[in-house]
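# Structural characterization, general
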Amino acid sequence: MLLENSKPPASVREATDVKSLVKKIKDLVKEAQGCEREGLTKYRLAGQALLMLRKQVGKNDWREQAPTLIGISYSQLWKYMRVADNWEDVRDCISLSKAISRLNKMEEDRDQP
């Protein structure tokens, strides 16, 4: 569950309407692709922008509209939001896949009796 408790940096907060948020997200994801360490930070920023966009679009329409607006699958967008929302737990990971693996493991451990 995303807590949406992280405050996005000014570069993300400047994008306030849906159109500018979508452009910001696309730009960040493009910058992140092909990078390792720097890429994770860009995915975090994209995740923060996605959390802002979700508030504007509304949670009811979010799952259907986000992939259409951004051109990226919902499962991929969800990863970016998870990184943003759990940054303190993954900030030292070297890639998005390592960060998601760590978060999945943490979830599994938490669900163990």
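Located above this text is the structure these notes cover.
Report on the accompanying structure. (Residues numbered from 1 in each chain as written. Predicted model: local features only at pLDDT ≥ 70, side-chain atom pairs only at ≥ 80, totals over all residues. Heavy atoms only, no water.)

### Thoughts on the overall build of the protein chain
Along the protein chain, the regular secondary structure elements total 7 helices and 0 strands. Classification of the 113 residues of the protein chain by burial places 40% in the buried group. Considering only intrachain contacts with a sequence separation of at least 6, the fraction spanning at least 24 residues in the protein chain is 57%. Accessible surface for the protein chain amounts to roughly 6800 Å². Of this, 49% is attributable to carbon and sulfur atoms. (Helix = DSSP H or I, 4+ residues; strand = E, 2+ residues; numbered from the N terminus. Buried < 20%, exposed > 50% of the residue type's maximum accessible area, 1.4 Å probe, protein only. Contact = heavy atoms within 4.5 Å. Areas by Shrake-Rupley, 256 points an atom, 1.4 Å probe, with all protein chains shown as cover.)

### Concerning helix α4 (residues 59–70)
Under the 1.5 Å per step criterion, the end-to-end length of α4 is 16 Å for 12 residues, consistent within 8% with the ideal 16 Å. Among the residues of α4, those classed as buried are Trp62, Ala66 and Ile70. In a view along the axis of α4, the buried residues occupy a sector of 15°, so they form one face of it. Those residues of α4 that are exposed and angled more than 90 degrees off the buried face are Asn60, Glu64 and Thr68. Taken from the residues just after α4, Gly71 is the one with a positive phi, measuring 80°. (Expected span 1.5 Å × (residues − 1). Arc of directions from axis to C-beta.)

### Things to note about the nonpolar core
Note on soluble globular proteins: their nonpolar side chains tend to be buried together. Within the largest apolar cluster, 33 residues are counted, with the highest numbers of intra-cluster contacts made by Leu50, Leu53, Trp62, Ile70, Tyr80 and Val83. When contributions to this core are tallied by element, the ones reaching two or more residues are α2 (18–32), α3 (37–57), α4, α5 (74–85), α6 (87–90) and α7 (96–111). If one sorts the elements of this core by residue count, α3 sits on top with 10 residues. Apart from residues no more than four positions distant in its own chain, Val83 is found in contact with Leu40, Arg44, Val90, Leu96, Ala99, Ile100 and Leu103. (Core = buried A, V, L, I, M, F, W, Y, C linked by side-chain atoms within 4.5 Å.)

### A word on the packing of aromatic side chains
Inspection of the entire model under this criterion finds 2 aromatic pairs. Consider the rings of Tyr43 and Tyr80, whose centres lie 4.8 Å apart with planes at 15°: the pair is stacked. Taken together, the residues span a long stretch of sequence, with Tyr43 in helix α3 and Tyr80 in helix α5 at a distance of 37 residues. Judged by relative accessible area, which is 2%, Tyr80 ranks as buried. On the numbers, 6.4 Å between centres and 25° between planes, the contact of Tyr74 with Trp78 is stacked. Here Trp78 and Tyr74 lie together in helix α5, a separation of 4 residues that amounts to about one turn. Accessibility expressed as a relative area gives 28% for Trp78, which makes it partly exposed. (Phe/Tyr/Trp six-rings, centres within 6.5 Å; stacked < 30°, edge-to-face > 60°.)

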